[in-house]
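# Architecture at a glance
Listed below are the residues making up each chain.
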Amino acid sequence: MTTFDGDLTPPVGRFALVAARFNQVVVEQLVAGARSGLKRHGVPDDAIDLVWVPGSFEIPLIAKRLAESRRYAAVICLGAIIKGETDHYDFVASGAAHGIAQASLASGLPVIFGILTCDNLEQALNRAGGKSGNKGYDAAVAAIEMVNLLGRLPC
Ligand code: INI
């Protein structure tokens, strides 16, 4: 049996972060986490481009454009969707998730889902550098693993 696995050795290429300004106090922490995750694994800050969009619903369009440009090894999407009193949350979350998956499949590039979907601000802050870690850091690590895995596959 041959096993293929992506490791966390320093990857080749540039990385794009697409960050939603909505709930910016949370998303800034996700951006910091992603930058730190990339740096920790050998990606210098000058190999990272950061693009801000209004909200998570707008992430897929820009992620797809960046992924299809072939300038990046991976695109990391960062946002914080927090439940309100209406079902708006569901539409934004589902649009972002489906759009990001579509951007990845259409471009053939890792487009990583680093978007928090939480019941309240406290939950979100806990996952953006608080007691439950930093989802931005985790997204960066997932991106590196996927870049290295794609580089090793025989097809
Ligand atoms: N965008 C978010 O990123 N997080 C949210 O929690 C959120 N809520 O709750 O409304 C949100 N809405 C804005 C949305 O992403 C779009 O920017 C807007 O609908 C314009 O298309």
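You'll find the structure just up there.
Quick notes on the rules
Residues numbered from 1 in each chain as written. Predicted model: local features only at pLDDT ≥ 70, side-chain atom pairs only at ≥ 80, totals over all residues. Heavy atoms only, no water. Near = heavy atom within 4 Å. Polar contact = N/O pair within 3.5 Å; in protein donor to acceptor, adjacent residues only side chain to side chain. Areas by Shrake-Rupley, 256 points an atom, 1.4 Å probe, with all protein chains shown as cover. Helix = DSSP H or I, 4+ residues; strand = E, 2+ residues; numbered from the N terminus. Nonpolar A, V, L, I, M, F, W, Y, C, P; charged D, E, K, R; others polar. Salt bridge = Lys/Arg side-chain N within 4 Å of Asp/Glu carboxyl O. Buried < 20%, exposed > 50% of the residue type's maximum accessible area, 1.4 Å probe, protein only. Core = buried A, V, L, I, M, F, W, Y, C linked by side-chain atoms within 4.5 Å. Contact = heavy atoms within 4.5 Å. Pairing = 2+ DSSP bridges. Axes fitted to C-alpha atoms, helices over the stretch in contact; angles between N-to-C directions.

Looking at the ligand, the residues that line it are Phe22, Asn23, Gly55, Ser56, Phe57, Glu58, Ala80, Ile81, Ile82, His88 and Val92. At 3.3 Å, a side-chain N or O of Asn23 approaches an oxygen atom of the ligand. Summarising the interface, the protein chains cover 76% of the accessible area of the ligand, which totals 460 Å² for the free molecule. Mapped onto the shell around the ligand, the elements with two or more residues apiece are strand 3 (72–82) and helix 3 (88–107). The greatest single-element share of the shell around the ligand, amounting to three residues, is contributed by strand 3. Split into classes, the residues belonging to the shell around the ligand amount to six nonpolar, four polar and one charged.

With that settled, the discussion passes to the pattern of salt bridges. Per the counting criterion, the structure on display carries five salt bridges. Arg14 is the salt-bridge partner of Asp49, the closest N and O atoms lying 2.9 Å from each other. Taken as a pair, Asp49 in strand 2 (residues 48–53) and Arg14 in strand 1 (residues 14–20) lie far apart in primary sequence, 35 residues in all. For Asp49, a relative accessible area of 26% translates into the label partly exposed. Assessed through its relative accessible area of 30%, Arg14 is described here as partly exposed. Note that Arg35 and Asp45 form a salt bridge whose closest N and O atoms lie 2.5 Å from each other. Of this pair, Arg35 sits in helix 1 (residues 24–40) while Asp45 sits in the loop between helix 1 and strand 2, and the two are 10 residues apart along the sequence. With relative accessibility at 38%, the residue Arg35 sits in the partly exposed group. For Asp45, a relative accessible area of 39% puts it in the partly exposed group.

Take the nonpolar core next. Formed by 27 residues in total, the largest nonpolar core has its most connected members in Phe15, Leu17, Leu38, Ile76, Leu78 and Leu116. When residues of this core are traced back to their parent elements, those giving at least two are strand 1, helix 1, strand 3, strand 4 (111–118) and helix 5 (135–152). A per-element tally of this core places helix 1 first, with six residues. With residues up to four places along the chain from it excluded, the contact list for Leu116 reads Val26, Leu30, Gly79, Ala80, Ile81, Ala124, Arg127, Ala128 and Lys135.

A word on the sheet that holds strand 2. Strand-to-strand pairing in sheets goes through backbone hydrogen bonds, with the strands running parallel or antiparallel. Spatially, the four strands line up as an open sheet ordered 2-1-3-4, and their pairing is parallel. The strands lining the two open edges of the sheet, one partner per strand, are strand 2 and strand 4. Put simply, the sheet's adjacent strands are angled 15° from each other on average, direction ignored. As defined by bridge partners, strand 1 adjoins strand 2 across six bridges and the pair is classed as parallel.

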